[in-house]
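# Close look at the chain arrangement
Residues per chain are reported as follows:
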Amino acid sequence: MVNGSSDGTFFSVVRYHDNLVVGCVSVVEYGMPSDFDSLRTRLLGRLPTKNIPRHFDALQQATENGGKIAELRSLAVDPDYRGGTGVSLIEMAKQHARTRGYDRLYALVNAEAYKSFERAGFRKLKDDERPPQKLLKDCVGCSIIHMCNEVTVVADLAS
């Protein structure tokens, strides 16, 4: 089953004949928030000092370029159905982002999920390359920003 909406989100659920939900994924569009200046100040005060110049440059560039990105979120697969379901859902998410005109699809993943994303064509970014839209939307308020264990990955969608 696939559900979509026009507000920048996409959600799909895979079901088998017994109506058991075995996996889900969503794609979310992020733009630069309207309270960008106050969030930028707050974010730059919470980031490790060594990363501030690079993040500040990325924030500036994102605002100048319109600042919209697509992020794959909420990928979950029942452990009994792993071994292809996750990669299939990732491919569906990539296709959706591609049809929406995105050249890249970002995701934040843990070590366990990284291999599935790698098989689906994602590559790891450096720690300080997290999209500023994500930093401003979610990371700025996160209580574990200084010890985050997620890595940022990206898939290039251009054919």
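### Observations concerning the confidence of the model for the protein
- Looking at the protein as a whole, the pLDDT averages 76, with 65% of positions reaching at least 70.
- Averaged pLDDT values over the elements of the protein bottom out at 51 in strand β1 (residues 2-4) and peak at 93 in strand β6 (residues 123-124).

### What about the environment of Asp80?
- One can find Asp80 in the loop between β4 (69-77) and α3 (85-99).
- Overall, Asp80 belongs to the exposed group, its relative accessible area being 69%.
- Sequence separation between Asp80 and Val22 is 58 residues; the distance between their C-alpha atoms is 8.2 Å.

### Considering the environment of Asp103
- Structurally, the position occupied by Asp103 is in the loop between α3 and β5 (104-109).
- On the accessibility criterion, Asp103 (53% relative accessible area) is exposed.
- Here the alpha-carbon distance between Asp103 and Ala70, two residues 33 residues apart in the chain, equals 9.1 Å.

### A short note on α3
- For α3, spanning 15 residues, the distance from its first C-alpha to its last is 21 Å, which sits close to the expected 21 Å at 1.5 Å a residue.
- Within the span of α3, buried status applies to Thr85, Gly86, Leu89, Ile90, Ala93, Lys94, His96 and Ala97.
- One or two residues past the end of α3 sits Gly101, with phi positive at roughly 95°.

### Quick look at the side chain of Lys94
- Counting through the fold element by element, Lys94 comes out in helix α3.
- Residue Lys94 is classed as buried on the basis of its relative accessible area of 8%.

### Looking at the pairing of strand β7 (residues 151-156)
- Note: β5 against β7, 6 bridges, orientation antiparallel. Bridging across to β7, Leu105 finds its partner in Ala155.
- Inspection of the sheet shows β6 paired to β7 by 2 bridges, in the antiparallel sense. Considered in β7, the bridge of Lys124 is made with Val153.

### Brief notes about the pattern of salt bridges
- On inspection of all chains with the given rule, the structure shows 5 salt bridges.
- Salt-bridge contacts for Arg104 lead to Asp156; the nearest nitrogen and oxygen are separated by 3.3 Å. Separated by 52 residues along the polypeptide, Arg104 in strand β5 and Asp156 in strand β7 bring together distant segments of the chain.
- Of the residues examined, Arg104 reaches a relative accessible area of 40% and is grouped as partly exposed.

### Considerations on the pairing of β4
- Bridge count for strand β3 (residues 21-30) against β4 is 7 bridges, and the pairing is antiparallel. Bridging from a neighbouring strand, Val28 pairs with Glu71 of β4.
- Pairing analysis gives 2 bridges linking β4 to β5, with the strands arranged parallel. For Leu72, the partnering residue across the bridge sits in β5 and is Ala107.

### Describing the packing of aromatic side chains
- According to the stated counting rule, one finds 1 aromatic pair in the structure shown.
- When the centroid spacing of 5.1 Å and the interplanar angle of 80° are considered together, the rings of Phe117 and Phe122 count as edge-to-face.
- Since its relative accessible area comes to 2%, Phe117 is described here as buried.
- Here Phe122 falls in the buried class, since its relative accessible area comes to 4%.
- The ring of Tyr114 has Lys124 lying over it, and the distance from NZ or CZ to the ring centre is 4.9 Å.

Cut-offs applied
Residues numbered from 1 in each chain as written. Predicted model: local features only at pLDDT ≥ 70, side-chain atom pairs only at ≥ 80, totals over all residues. Heavy atoms only, no water. pLDDT = per-residue confidence, 0-100. Helix = DSSP H or I, 4+ residues; strand = E, 2+ residues; numbered from the N terminus. Buried < 20%, exposed > 50% of the residue type's maximum accessible area, 1.4 Å probe, protein only. Expected span 1.5 Å × (residues − 1). Pairing = 2+ DSSP bridges. Salt bridge = Lys/Arg side-chain N within 4 Å of Asp/Glu carboxyl O. Phe/Tyr/Trp six-rings, centres within 6.5 Å; stacked < 30°, edge-to-face > 60°. Lys NZ or Arg CZ within 6 Å of the ring centre and 35° of its normal.

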